[in-house]
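Close look at the chain arrangement
Below, each chain spelled out in residue letters.
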Amino acid sequence: MKELSLNILDIAQNSVKAKASLIEIEIDETDEKLTIIIRDNGCGISKEILEGVTNPFYTTRTTRNVGLGIPLLKDACEQTGGSFEIKSQQKNEENLISGTEVRASFFKNHLDFTPLGDTVSTVTTLIQGSPDIDFIFSHNKCGSKVFLSTLEMREVLGEIPLNSFEVIKWAGDCLKEQYQDIVK
Amino acid sequence: MKSLQELAAIREKMKGKVNLREGSNDIRVVVGMATCGIAAGARPVLNAFVEAVEKEGLTDKVTVSQTGCIGICQYEPVVEIFEAGKEKVTYVKMTAEKALEVVEKHLKGGNAVLEYTIANNK
Ligand SMILES: Nc1ncnc2c1ncn2[C@@H]1O[C@H](COP(=O)(O)OP(=O)(O)OP(=O)(O)O)[C@@H](O)[C@H]1O
Ligand SMILES: [Mg+2]
């Protein structure tokens, strides 16, 4: 992928497929390190699948027998000397909650670091595609924070769908303005 | 920062318009957004459709949505257009520029841009 923001979009689509009602995307950035965390409350991944999931020849998809999304992100962070972790929980007799957390850390000064790219477009694309799912996005960079929660938006909007053009545009502008303040 | 008051103003403006929109969409634009599509550039294609459909005032007639893998990864980004009573049109190797042309000629003008369809790209 050309930008890490595209990996984020792709990994979040796994959470959408897993029927999550809440997807959290967190980016923590310092001068040297960038960490991406994508957390959902979807159906979770079984132990068997979880073991094979970072191997590019594994997928449950029927149209093609190679799952690429997770291996791509894993490679992107490991080639910078960073680390990758995926934790998942399915519902069973002991566990009443399910969900998945993907965590990828990158060393930004490494030659093979892929730039983060357009995170705003990733967030608006997710809202446009899944207006009934809630997204909480935060990007922490050296003490400043960019934040957007569709839970807050939904409270204001009532019955107006989140994928209305004006609403998506507001969300994009809201994030862009916050990014401008960070850059200053 | 953009305030939630602005969002409340959007709600007021849109109230009443919502029900009117439902059910009246007769063209569906579906963009493949699986890993293969995203890697090939589906995100800007989707956004080009969303913006152009709004700009051309087609939102009552056209919905733009996302789907997973369409199964023809080598042709990504892939866009399918469904219209009641017509055969599905599959556009392949799309870009934002091609998307604008499809909005203009196909969605507005009613004529598929054959040059970009799968039949002409095999
Ligand atoms: N958040 C999640 N919740 C539940 N299952 C998941 C989640 N993320 C991944 N999986 C499981 O792991 C598999 C592998 O995911 P991966 O993204 O690598 O490939 P894929 O989604 O199958 O295909 P591709 O990403 O190439 O389009 C998925 O098919 C799914 O079964
Ligand atoms: Mg995937």
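Notes on the structure in this doc start here. (Residues numbered from 1 in each chain as written. Chains lettered and ligands numbered in written order. Predicted model: local features only at pLDDT ≥ 70, side-chain atom pairs only at ≥ 80, totals over all residues. Heavy atoms only, no water.)

1. With respect to unusual backbone geometry
The following threshold applies: Secondary structure elements follow DSSP: runs of H or I of four or more residues count as helices, runs of E of two or more count as strands, with numbering from the N terminus. Accessibility here uses a 1.4 Å probe with only protein chains present; expressed as a share of the type maximum, an area under 20% marks a residue as buried, one over 50% as exposed, and anything in between as partly exposed.
Of the consecutive residues B:Glu76 and B:Pro77, the connecting peptide bond is found in the cis state with omega at -10°. Mapped onto the elements of the fold, B:Pro77 is located in the loop between β2 (62-67) and β3 (79-83). With a phi close to 45°, A:Cys142 is a non-glycine residue in the positive phi region. Within the secondary structure, A:Cys142 sits in the loop between β5 (134-141) and β6 (144-149). Under the relative-accessibility criterion, A:Cys142 is labelled exposed at 55%. With a phi close to 45°, B:Lys93 is a non-glycine residue in the positive phi region. Relative to the helices and strands, B:Lys93 resides in the loop between β4 (89-91) and α5 (96-108).

2. Some thoughts on the pairing of strand β1 (residues 22-29) of chain A
Residues and elements named next belong to chain A. Spelled out, the test is: Strands pair, by our definition, only if DSSP identifies at least two bridges between them.
Here β1 shows a clear split, with Ile23, Ile25, Ile27 and Glu29 buried on one side and none of Leu22, Glu24, Glu26 and Asp28 buried on the other. Two elements, β1 and β5, share 8 bridges in a ladder whose sense is parallel. Its bridge partner being in β5, Glu26 is matched across the sheet by Ser138. Relative to strand β2 (residues 33-40), β1 runs antiparallel, the two being bridged by 7 bridges. Following the sheet pairing, Ile27 is matched in β2 by Ile36. Once β1 ends, the chain turns through 3 residues before running back antiparallel as β2.

3. Some details on the packing of helix α1 (residues 4-17) of chain A against helix α4 (residues 119-129) of chain A
Residues and elements named next belong to chain A. Definition in use: Structural elements are reduced to axes, namely lines fitted to C-alpha atoms, with helices fitted over the stretch in contact, and the angle between N-to-C directions of any two is expressed from 0 to 180 degrees. When an angle is under 35 degrees it counts as roughly parallel; over 145 it counts as roughly antiparallel; between 65 and 115 it counts as roughly perpendicular; any other value is oblique. For a crossing to be left-handed, the near helix must be turned anticlockwise from the far one by less than a right angle; the clockwise case is right-handed. Between two residues, a contact is recorded if the distance between any of their heavy atoms is within 4.5 Å.
Across the interface, α1 lies against α4 with an axial gap of 8 Å and an inter-helix angle of 20°. For the element pair α1 / α4, the angle class is roughly parallel. At the point where α1 passes α4, the crossing takes the right-handed sense. Residues Ser5, Leu6, Ile8, Leu9, Ala12 and Gln13 of α1 touch α4, and the partners they reach there are Thr119, Thr122, Thr125 and Leu126.

4. Focus: the packing of aromatic side chains
The cut-off we apply is this: Stacked, tilted and edge-to-face pairs are distinguished by plane angle, under 30 degrees for stacked and over 60 for edge-to-face with tilted covering the rest, among Phe, Tyr and Trp rings (Trp via its six-membered ring) whose centres lie within 6.5 Å. Whether a charge sits over a ring depends on NZ of Lys or CZ of Arg being within 6 Å of the ring centre and within 35 degrees of the ring normal.
Inspection of the entire model under this criterion finds 1 aromatic pair over all chains. Seen in terms of ring centroids, A:Phe106 and A:Phe113 are 6.0 Å apart; in terms of plane orientation they differ by 75°. Their pairing is edge-to-face. Under the relative-accessibility criterion, A:Phe106 is labelled buried at 0%. A:Phe113 sits in the buried class, given a relative accessible area of 18%. Over the face of the ring belonging to B:Phe82 we find B:Arg28, whose NZ or CZ atom lies 4.8 Å from the ring centre. For the cation-ring pair, B:Lys98 lies above B:Tyr116, with the distance from its terminal atom to the ring centre recorded as 5.1 Å.

5. Overview of the interface of chain B and chain A
By convention, interface size is frequently given as the accessible area that disappears when the constituent parts associate. Filter applied, for reference: For any pair of parts, buried area is found by adding up, for both, the accessible area (1.4 Å probe) each one loses once the two are put together. Salt bridge, as applied in this entry: a Lys or Arg side-chain nitrogen positioned within 4 Å of an Asp or Glu carboxyl oxygen. Polar contact criterion, stated in full: a pair of N or O atoms within 3.5 Å, where within protein one must be able to donate a hydrogen and the other to accept it, and residues adjacent in sequence count only if both atoms are side-chain atoms.
In this complex, chain B contributes 31 residues to the contact, which on the side of chain A involves 35 residues. With both sides pooled, the region where chain B packs onto chain A buries about 3,000 Å², and carbon together with sulfur makes up 65% of that total. Taken together, chain B and chain A are joined by 1 salt bridge. Ionic pairing is found between A:Glu3 and B:Arg43, a salt bridge with its closest N-O pair at 2.9 Å. One can count 13 residue pairs in polar contact (both at pLDDT 80 or more) joining chain B with chain A. Within the residue set of the side of chain B that touches chain A, elements represented by two or more residues are α1 (4-14), α2 (17-21), α3 (35-40), α4 (42-55) and β2 of chain B.

6. Regarding the pattern of salt bridges
Per the stated rule, a full pass over the model turns up 17 salt bridges over all chains. When the shortest N-O distance is used, the salt bridge between A:Glu26 and A:Arg39 registers 3.8 Å. Note that A:Glu26 is positioned in strand β1 and A:Arg39 in strand β2, a separation of 13 residues in sequence. On the basis of relative accessible area, A:Glu26 is assigned to the partly exposed category, the value being 23%. Taking relative accessible area as the criterion, A:Arg39 reaches 25% and is therefore assigned partly exposed. Between B:Glu104 and B:Lys108 there is a salt bridge, and its shortest N-O distance comes to 4.0 Å. Residue B:Glu104 and its partner B:Lys108 are located together in helix α5, separated by 4 residues, close to a single helical turn. Classification of B:Lys108 as partly exposed rests on a relative accessible area of 41%. One network of salt bridges, with partners in common, ties together A:Glu24, A:Glu26, A:Arg39, A:Glu101 and A:Arg103.

7. Regarding the pairing of strand β1 (residues 27-32) of chain B
All names here are of chain B. Burial within β1 is extensive, with 5 of its 6 residues counted as buried. As paired strands, β1 and β2 are joined by 6 bridges and run parallel to one another. Counterpart to Arg28 in the pairing with β2 is Thr63. Relative to β3, β1 runs antiparallel, the two being bridged by 5 bridges. When the bridges of β3 are listed, Val29 appears paired with Ile81.

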